[in-house]
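# Coordinate inspection notes
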Amino acid sequence: MSNTLMSVQIIPKTNKIEEVIPAVDAAIKVIDESGVKYQVQPLETTMEGELNQLLIIVQKMNEKMIEIGCHNVITQMKILYQPQGIAMDDLTEKYR
């Protein structure tokens with residue numbers, strides 16, 4: 001079982017406002033390609049995995065933003081670390 005839930009919001013600085021959504025899509029693609037469980041929400045994406053693994057994914061997301069031409073990127077994260085294990089479904093089960 002995973003030990004971490006991490007919500008991440010990427011705010012890329014682009015030349016034009018129209019370039020922001022494609023940049024965010026590229027960041028989500030990095031998550032998707034990592035193979036971790038995740039859920040995209042309107043203002044952030046939540047991932048489930050091991051803490052070190054998720055931190056590396058966030059690093060790759062930031063690197064991807066620069067690679068595709070963003071000047072810089074603000075990354076906001078929320079981390080729930082629970083060594084005995086945690087899953088997104090544990091926190092949202094009563095709402096489904």
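See the structure shown above.
Notes on the structure follow. (Residues numbered from 1 in each chain as written. Predicted model: local features only at pLDDT ≥ 70, side-chain atom pairs only at ≥ 80, totals over all residues. Heavy atoms only, no water.)

All right, on to a nonpolar patch on the surface then. A surface patch of nonpolar side chains, about 360 Å² in accessible area, is lined by Leu55, Met77, Ile79 and Tyr81. In terms of residue count, strand β4 (residues 72-81) provides more of the nonpolar patch than any other element does, three residues in total. By relative accessible area, Met77 is classed as partly exposed at 37%. (Patch = residues over 30% accessible without salt bridge, like charges linked within 9 Å, V, L, I, M, F, W, Y side chains within 5 Å. Areas by Shrake-Rupley, 256 points an atom, 1.4 Å probe, with all protein chains shown as cover. Salt bridge = Lys/Arg side-chain N within 4 Å of Asp/Glu carboxyl O. Helix = DSSP H or I, 4+ residues; strand = E, 2+ residues; numbered from the N terminus. Buried < 20%, exposed > 50% of the residue type's maximum accessible area, 1.4 Å probe, protein only.)

To continue, consider helix α2 (residues 51-67). Its 17 residues give α2 an end-to-end C-alpha distance of 24 Å, which sits within 8% of 24 Å, the value for a rise of 1.5 Å per residue. Contact partners of the buried residues in α2: β1 (4-13), α1 (20-34), β3 (45-49) and β4. (Expected span 1.5 Å × (residues − 1). Contact = heavy atoms within 4.5 Å.)

Bringing the nonpolar core into the picture now. Counting residues in each nonpolar core, the largest one holds 17 residues, and the members touching the most others are Ile31, Met47, Ile57, Met61 and Met65. Contributing elements (two or more residues each) for this core: β1, α1 and α2. Setting aside chain neighbours within four positions, we find Ile31 in contact with Val8, Val36, Tyr38, Thr45, Met47, Ile57 and Met61. (Core = buried A, V, L, I, M, F, W, Y, C linked by side-chain atoms within 4.5 Å.)

Before going further, it helps to spend a moment on the pairing of strand β2 (residues 37-40). Examined bridge by bridge, β2 and β3 share four bridges and lie antiparallel to one another. When the sheet's bridge partners are listed, Lys37 is paired in β3 with Glu48. Taken together, β2 and the strand that follows it, β3, pair antiparallel across an intervening segment of four residues. (Pairing = 2+ DSSP bridges.)

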